[in-house]
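Residue-level structural notes
As a plain string of letters, each chain reads:
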Amino acid sequence: MTAFIIRRLMQSVLVVVVMSLIVFCGVHLVGDPVYLLINPQADQKDIEAAIRALGLDRPIWEQYLYFVGGALRGDLGNSFIFGEPALKVIVQRMPATLELAFAAIAMAIVLGIPLGLYAGLYPTSPVSRGIMATSILGFSLPTFWVGLMLIMVFAVMLGWLPSTGRGQTATFLGITTSLFTLDGLKHMLLPALNLALLKISLVIRLTRAGAREAIHQDYIKFARAKGLSNRRVIGVHLLKNILIPVVTVLGLEFGNLVAFSVVTETIFAWPGMGRLLIGSIQSLDRPVIVAYLIIIVLMFVVINLLVDILYSILDPRVRLGEQSA
Amino acid sequence: MPFVRTTLVAIAIAAFGLFSPALAQDLRIGLSAEPTAMDPHYHNLTPNNSLLSHVFERLIENDEKQNLIPGLAESWKAINDTTWEFKLRKGVKWHDGSPFTADDVVFTFARAGNVPNSPSPFIVAKGKTVTKIDDHTVHMSTAAVYPLMPNDVATIMIVSKKNADGASTPDFNSGKAAIGTGAFKLVKFTPGDRIEVTRNDDYWGAKPKWKTVTFRPIKAGPARVAALLAGDVDMIEDTPTADIERLKTEPKVELSQEVSNRIIYFFVDHSRDVTPFAKGKDGAEIKNPLKDLRVRKAMSKALNRDVMVSRVMEGVAIPASQFLPDHYFGVSKKLKVEKYDLEGAKKLLSEAGFPNGFKLTLHGPNGRYINDVKIAEATAQMLTRAGIETAIEMLPPGNFFTRASQGGPGGVPEFSFILVGWGSGTGENSGALRPLVATFDKDKGQGASNRGRYSNPKVDQLIDEAMKTVDDGKRAELLGQATDVAIEDLAIIPSHYQVNTWAARKGLKYKARSDENTLAMGVTE
């Protein structure tokens with residue numbers, strides 16, 4: 001297992017290096033952030049001074065080597081825009097994004113699995129048909145539109161929930177999050193639902209498909225023949241076996257939620273990392289873009305690792321060391 | 001009895017809750033762009049300058065139409081050709097209680113142009129020698145005659161020497177060094193989320209009505225409008241033009257508008273003999289047609305500015321005839337908006353030797369100015385009707401400005417015909433003439449944004465003369481003349497001035513500003 005983890009980490013280092021090189025050159029090719037950052041009133045000398053101050057007057061390979069040197073010491077450079085370490089700028093916005101992702105995944109699990117299970121066990125009931133029809137909507141409606149509709153209906157027309165922004169935060173056990181306050185939860189409900197909609201539909205479909213397939217398998221019949229209660233057959237034998245694809249997908253989806261919930265964060269003015277990323281791309285804030293993607297790559301590596309470990313718990317036949325990852 | 005008492009208490013609490021002024025004194029504002037720091041010298045850009053005006057003040061301030069008015073200086077005058085005297089306001093206190101003196105001014109001008117990592121420093125602070133005469137008098141001198149001194153001074157926010165000496169930008173962001181003299185004190189800056197300020201009860205000027213003000217960046221236009229309609233914010237800036245018609249009929253909302261100092265205009269390639277994006281109808285290389293005034297005139301005549309304003313901008317703009325709207329200092333008094341004249345345009349094209357027109361590509365930024373893509377599309381259609389077959393290519397702003405400034409061979413502007421905007425930060429006409437139509441000259445620091453590389457000795461000479469004239473009346477006249485010459489030569493082809501729109505909940509009024517600043521001081525009930 002240790003060898004497996006080490007191998008994974010080494011692969012991820014390679015990915016980080018290649019990715020940083022691509023992003024570095026890519027952003028360089030797109031353009032020079034100075035013209036976006038500088039006051040239009042500035043003259044030629046000011047523009048040159050600003051370019052020098054950001055180190056953009058050097059050849060690109062030199063800038064990259066300088067970046068690598070810093071990165072080896074744990075310094076990913078200063079944001080062009082905020083003038084503060086890129087890592088700090090990102091970490092500052094991380095809690096807001098993480099709590100939103102957690103809330104969305106929780107919704108997906110709590111709503112998706114029971115609904116999917118129901119639809120799988122009673123495929124012909126009208127309720128199941130209703131669930132499946134709704135899940136198609138969840139897939140096909142664009143997040144942007146759904147977000148605006150949620151705001152229009154629940155905030156503007158009904159006035160039940162706040163339209164945008166993050167609510168009050170509270171600190172408990174050293175974690176500061178808006179999950180602990182009523183105001184925070186109210187603010188979170190709409191954006192989390194907007195993010196979760198697609199994930200709920202996904203989980204419903206996966207669970208349903210798994211349940212439909214597994215219900216006819218011998219081990220379920222055997223369990224029933226043994227006289228086990230329906231609850232135990234479904235809740236343990238069936239569920240445990242159909243969860244593997246669900247866990248894989250949820251793991252990756254969680255990564256996606258953390259990394260790229262750009263649209264939802266923008267519409268709901270959620271002070272998270274996704275909005276930072278899109279802002280940084282628009283203003284060509286290269287240090288933040290590179291640092292962000294490095295963090296995301298590492299995060300996906302960790303998530304995949306956790307998913308693999310969860311596999312081995314759900315299915316004892318899986319041996320981590322033997323996987324070719 | 002106990003029951004009665006509790007009931008009374010409950011009623012008292014309820015009544016207090018109802019009539020408590022606390023709610024009415026809170027103001028929540030939705031911003032379209034987020035300030036990047038709480039350091040007033042870190043980033044010279046509108047979102048920062050606007051927000052920090054609540055906390056810090058300048059010696060000279062701009063009123064809502066960008067006229068200069070006294071701020072921390074009670075008066076100022078030129079005492080000789082190169083020196084200006086500023087009389088500072090007495091009895092002003094910093095938020096920490098210490099007195100404001102000339103030392104703070106001297107310190108500020110030394111700091112403002114030298115903030116580490118600053119992506120856009122206040123370079124106007126440089127090249128000025130600031131001398132303290134006494135605690136409430138400073139002299140500022142320049143090497144040569146410099147009539148724009150008051151305009152420059154009106155951009156720089158004064159910081160407290162005691163708190164800002166040695167302080168870095170993060171110290172301002174944390175609030176430690178963000179000690180100003182302004183009407184509000186900074187409470188908390190949460191990047192990406194909100195900025196909170198509270199009233200400065202010891203403020204020297206008119207006390208603001210609001211006890212606390214919360215600014216929230218809500219970048220997406222529709223979300224900003226929704227937040228206003230849902231009552232989550234009391235006012236928003238930069239109201240999307242598409243929503244303005246609807247909001248006008250919305251009983252809960254009140255709009256405030258003011259024409260902006262930002263003009264949307266076109267630059268053509270004035271310098272190269274062959275320009276890469278102008279081709280013959282058959283795609284063959286032709287000599288640069290845009291150097292011919294008749295062609296430029298034809299383009300200007302083909303542009304239907306009334307349609308541009310009424311359809312594309314949905315009424316939220318004003319047709320432009322020069323660099324700045326009429327009420328600004330140094331504008332031309334005689335220039336009129338070019339009338340739409342399709343036949344005239346075709347005739348001019350024939351005279352210029354293009355009876356069948358030519359092919360042209362219009363480049364512009366995507367998402368930098370209000371409705372920029374739609375403006376480009378409309379322009380292309382109008383020009384095509386006159387015979388200039390125009391294609392458009394809209395680029396991400398980062399890519400566009402780099403290429404439009406230095407993308408061509410040898411670092412010259414790459415494009416032939418571009419859509420751009422300009423806001424005169426100085427609030428007077430030299431702020432447009434010098435960067436845009438003065439000859440590109442690095443040593444003189446002129447023409448830095450002259451992306452058409454326009455060059456006309458007559459214009460240069462008039463600008464130079466104006467820059468040596470301290471007398472306001474004479475300078476205004478010279479700048480007006482320079483504008484006449486440049487616009488008659490179509491150095492730029494003006495389209496329209498933007499109009500800024502703020503939307504607030506019913507009952508709130510905003511003193512709309514031409515400089516796009518959103519100031520809680522200007523919000524009244």
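Position numbers for residues start from 1 in each chain and track the written sequence from start to end. Numbering of ligands from 1 and lettering of chains from A proceed in the order in which they are written. For a predicted model such as this one, the threshold for reporting local features is a pLDDT of at least 70, and the threshold for listing and counting side-chain atom pairs is 80 or more; totals across whole chains, interfaces and linings nevertheless cover every residue. Excluding hydrogens and water, the side-chain figures rest on all heavy atoms present in the structure.

Residue and element names in this part refer to chain B. A large share of strand E20 (residues 492-505) lies buried, amounting to 13 of its 14 residues. As paired elements, strand E13 (residues 235-236) and E20 share two bridges and run antiparallel to each other. Across the sheet, residue methionine 235 finds its bridge partner in E20, namely alanine 504. As judged from the three bridges shared by strand E16 (residues 317-319) and E20, these two strands associate in the antiparallel manner. In the sheet register, isoleucine 318 faces E20, and the bridge partner there is tyrosine 497. Per-residue accessibility, obtained with a 1.4 Å probe over protein chains only, is compared with the maximum for each type, and a residue is labelled buried under 20%, exposed over 50%, and partly exposed between these values. Strands here are runs of E lasting at least two residues and helices are runs of H or I lasting at least four, both read from the DSSP assignment and numbered beginning at the N terminus. Strands were regarded as paired on the criterion that DSSP finds at least two bridges between them.

Turning our attention to the layout of surface pockets. Summary: where empty space remains is shown by rolling a probe the size of a single water molecule over the atoms. Cavity means a closed set of points on a 1 Å grid over the protein atoms alone, one where a 1.4 Å probe fits but cannot get out, pocket means an open set with protein on both sides within 12 Å along at least 5 of 7 lines, and lining means a residue has an atom within 4 Å of a point. Grid points are joined across faces, edges and corners, and a volume is the space filled by probe spheres set on the points. If you add up the space inside the second largest pocket, you get close to 660 Å³. In this structure, the second largest pocket is lined by 25 residues; those nearest its centre are Arg166 and Gly167 of chain A together with Thr190, Asp193 and Arg194 of chain B. Residue assignment for the lining of the second largest pocket shows that the elements contributing at least two residues are helix H5 (86-121) and helix H8 (182-214) of chain A together with strand E10 (184-190), strand E11 (194-199) and strand E12 (212-217) of chain B. Element by element, the count of residues in the lining of the second largest pocket is highest for H5 of chain A, at four residues. We call Asp, Glu, Lys and Arg charged. Ala, Val, Leu, Ile, Met, Phe, Trp, Tyr, Cys and Pro are nonpolar, and the rest, Gly among them, are polar. Across the lining of the second largest pocket, the residue classes tally to six nonpolar, nine polar and 10 charged.

Moving on, we get to the packing of aromatic side chains. Two rings from Phe, Tyr or Trp (for Trp, the six-membered ring) form a pair when their centres sit within 6.5 Å of each other. Planes less than 30 degrees apart are called stacked, planes more than 60 degrees apart edge-to-face, and all others tilted. A full pass over the atoms with the stated rule returns 16 aromatic pairs over all chains. With a centroid separation of 5.6 Å and an interplanar angle of 75°, the aromatic rings of tyrosine 265 of chain B and phenylalanine 267 of chain B are classed as edge-to-face. Taking relative accessible area as the criterion, phenylalanine 267 of chain B reaches 1% and is therefore assigned buried. Every member of this aromatic cluster is reached through a ring pair, and the members are Phe277, Phe400, Phe401 and Phe415 of chain B. The cationic tip of arginine 93 of chain A hangs over the ring face of phenylalanine 82 of chain A; the distance from NZ or CZ to the ring centre is 5.2 Å. Directly above the ring of phenylalanine 24 of chain A sits arginine 286 of chain A, whose terminal nitrogen or CZ lies 3.9 Å from the centroid. Think of it as a cone above the ring: NZ of Lys or CZ of Arg counts as a charge over the ring if it is within 6 Å of the ring centre and within 35 degrees of the ring normal.

The next point concerns H8 of chain A. Across its 33 residues, H8 of chain A extends only 41 Å between first and last C-alpha, which sits more than 12% below the 48 Å expected from 1.5 Å per residue. Along H8 of chain A, the sharpest kink reaches roughly 40°, centred on alanine 196 of chain A. Helix span, as expected, comes to 1.5 Å for every residue beyond the first. The angle between axes fitted to the seven-residue stretch ending at a residue and the seven-residue stretch beginning at it gives the bend at that residue.

Let us now look at the packing of helix H7 (residues 143-157) of chain A against H8 of chain A. All names here are of chain A. Note on method: axes are straight lines fitted to C-alpha atoms, helices fitted across the in-contact stretch only, with angles between N-to-C directions ranging 0 to 180 degrees. For the pair H7 and H8, the least separation of the axes is 10 Å and the interaxial angle reads 145°. The handedness of the crossing between H7 and H8 comes out as right-handed. Contacts between H7 and H8 involve Thr143, Val146, Gly147, Leu150, Ile151 and Phe154 on the former and, on the latter, Leu190, Leu193, Asn194 and Leu197. Residues that form the contact of H7 with H8 fall into these classes: seven nonpolar, three polar and no charged. Crossings are assigned a handedness: left-handed for a near helix turned anticlockwise from the far helix by less than a right angle, right-handed for a clockwise turn. Any two residues having at least one pair of non-hydrogen atoms within 4.5 Å are treated as being in contact.

Each side of the interface is counted separately: chain B has 53 residues, and chain A has 43 residues. Throughout, buried area stands for the accessible area (probe radius 1.4 Å) lost by two parts on being put together, summed over both. The three residues of chain B that bury the most area against chain A are Asn117, Pro119 and Lys442 of chain B, which together make up 13% of that side's buried surface. In the sections that follow, a salt bridge refers to a side-chain nitrogen of Lys or Arg positioned within 4 Å of a carboxyl oxygen of Asp or Glu. Linking chain B to chain A there are one salt bridge. Between lysine 442 of chain B and glutamate 48 of chain A there is a salt bridge, with its nearest N and O atoms 3.0 Å apart. Counting of polar contacts relies on pairs of N or O atoms within 3.5 Å, with two restrictions inside protein: one atom must be capable of donating a hydrogen and the other of accepting it, and residues adjacent in sequence are counted only when both atoms are side-chain atoms. The interface formed by chain B and chain A holds 19 residue pairs in polar contact (both at pLDDT 80 or more) in total. At seven residues, helix H13 (residues 397-406) of chain B tops the list of elements feeding residues into the side of chain B that touches chain A. Considering only residue class, the side of chain B that touches chain A consists of 21 nonpolar, 21 polar and 11 charged.

Residues and elements named next belong to chain A. You can see threonine 124 is positioned in the loop between H5 and helix H6 (126-140). Residue class for threonine 124 comes out exposed when judged on its relative accessible area of 60%. Separated by 17 residues in sequence, threonine 124 and methionine 107 have C-alpha atoms that sit 25 Å apart.

So, on to the domain arrangement of chain A. Residue and element names in this part refer to chain A. What counts as a domain boundary in this text is fixed by an automatic or database domain assignment. When its domains are assigned, chain A resolves into domain 1 (1-80 + 286-325) and domain 2 (93-283). Taken over C-alpha atoms, the centre of domain 1 sits 29 Å from the centre of domain 2. Taken together, the 17 residues of domain 1 in the interface contact 22 residues of domain 2. For the pair domain 1 and domain 2, the summed buried area comes to about 1700 Å², and 81% of that belongs to carbon and sulfur atoms. For the interface between domain 1 and domain 2, the tally reads one residue pair in polar contact (both at pLDDT 80 or more). With 14 residues, the single largest contributor to the side of domain 1 that touches domain 2 is helix H13 (residues 286-314).

A separate point is the domain arrangement of chain B. Residue and element names in this part refer to chain B. In terms of domains, chain B is made up of domain 1 (1-32 + 183-252 + 506-525), domain 2 (40-169) and domain 3 (259-499). The straight-line distance from the C-alpha centre of domain 2 to that of domain 3 is 34 Å. Facing the nine residues of domain 2 at the interface are 16 residues of domain 3. Of the roughly 1000 Å² buried where domain 2 meets domain 3, counting both sides, 55% is carbon and sulfur surface.

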